[in-house]
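Architecture at a glance
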Amino acid sequence: MTMETPLARVRGLGSAREGAHHWWVERLTSVSTLLLFIWLFVSLLRLPGLDYRTVTEWLQSPLAAVPMLLLILSTFWHLKLGMQVVIEDYVHEEGSKFLSILLLNFATVIGAAFALFAVLKIALGVPHG
Amino acid sequence: MDSNPSRPLSPHLSIWRWGPHMLVSILHRVTGSGLATVGAAVLVWWLLAAASGQEAYQTFTTQAGRWYGIVVLVGLSWAFFQHTLSGLRHFVMDIGAGFELSRNKFWANMTLVGSVLLTALLWAWIWWGAHG
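This write-up is about the structure you can find in this document. Because the structure is a prediction, the values reported are computed rather than measured.

Take the overall build of chain B next. A count of helices and strands for chain B gives four helices and zero strands. Tracing chain B from N to C terminus, the helices and strands come up as α-α-α-α. Over its C-alpha trace chain B gives a radius of gyration of 20 Å, far above what one expects of a compact globule, namely 14 Å for 132 residues. Dimensions along the principal axes, computed over C-alpha positions, put chain B at roughly 60 × 45 × 25 Å. Expressed as a percentage of the 132 residues in chain B, the buried residues total 23%. Excluding contacts between residues fewer than 6 apart, the proportion of contacts in chain B whose partners are at least 24 apart in sequence is 74%.

Residues and elements named next belong to chain B. Two numbers describe how helix 3 (residues 67–94) lies on helix 4 (residues 101–131): the axes approach to 8 Å, and their chain directions differ by 145°. Here helix 3 runs over helix 4; the crossing is right-handed. Contacts between helix 3 and helix 4 involve Val74, Ser77, Trp78, Phe81, Gln82, Leu85, Ser86 and Arg89 from the first element and Trp107, Thr111, Gly114, Ser115, Leu118, Thr119, Leu122 and Trp123 from the second. Residues of the contact of helix 3 with helix 4, tallied by class, amount to eight nonpolar, seven polar and one charged.

Rules behind the numbers
- Residues numbered from 1 in each chain as written.
- Chains lettered and ligands numbered in written order.
- Predicted model: local features only at pLDDT ≥ 70, side-chain atom pairs only at ≥ 80, totals over all residues.
- Helix = DSSP H or I, 4+ residues; strand = E, 2+ residues; numbered from the N terminus.
- Rg over C-alpha atoms; globule rule 2.2 N^0.38 Å.
- Buried ≥ 20, exposed ≤ 12 C-beta atoms within 10 Å, placed from the backbone.
- Contact = placed C-beta atoms within 7 Å.
- Axes fitted to C-alpha atoms, helices over the stretch in contact; angles between N-to-C directions.
- Left-handed = near helix turned anticlockwise from the far one by under 90°.
- Nonpolar A, V, L, I, M, F, W, Y, C, P; charged D, E, K, R; others polar.

This is the structure we're talking about:
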């Protein structure tokens, strides 16, 4: 009779069967992030300038705001998955690994939330008169 | 977590002869980490500045236009192209193709050449757009 919990017994034995899903979503978001960044670069290069008025007027159009919101979601999702792999590969001590993953998740959500709010504020704000 | 000592470990970096494929593999992680941190911060700053008004936006564009701002932006664009090209190379390898030694080396080198070339093209375009 052991006092170990079932969790303690399986720790360190390998896959929790999340790997394939992580791998697949990483590739899925890499395609969507690439397509959305090509859209962003082409859009910015086609604008007459990158000054305040031009950029905010452009972001008020649904055809700019919606892809921009998707770009933020796709990019932050992809970078979270990628950074998680880097942390898991190089941070071996269990405490610092847990803390790093925790901070990564917080930073991703906070960064994405600020970016999404910024785009929504511009897009839903009062148009330039 | 207790590590299981019976699990196999791969031999580490020091035993392999260096080649372009190793450099590209490491650069994929370095550029990815750079884009995820510096790149994401610049993107969020740019959007927040635009949402905060003329003055905040002016601060962003002034900093971005200084020499260190340009260095960061050129670096980010190179990192983006390098990460993208080596990511596309990974897609080919994901389907099991391109592992022949010479072909693997060739495309690893091509991502390095391509990212520098695309960075130069992009900034030439921006420079001519601003001055031409």
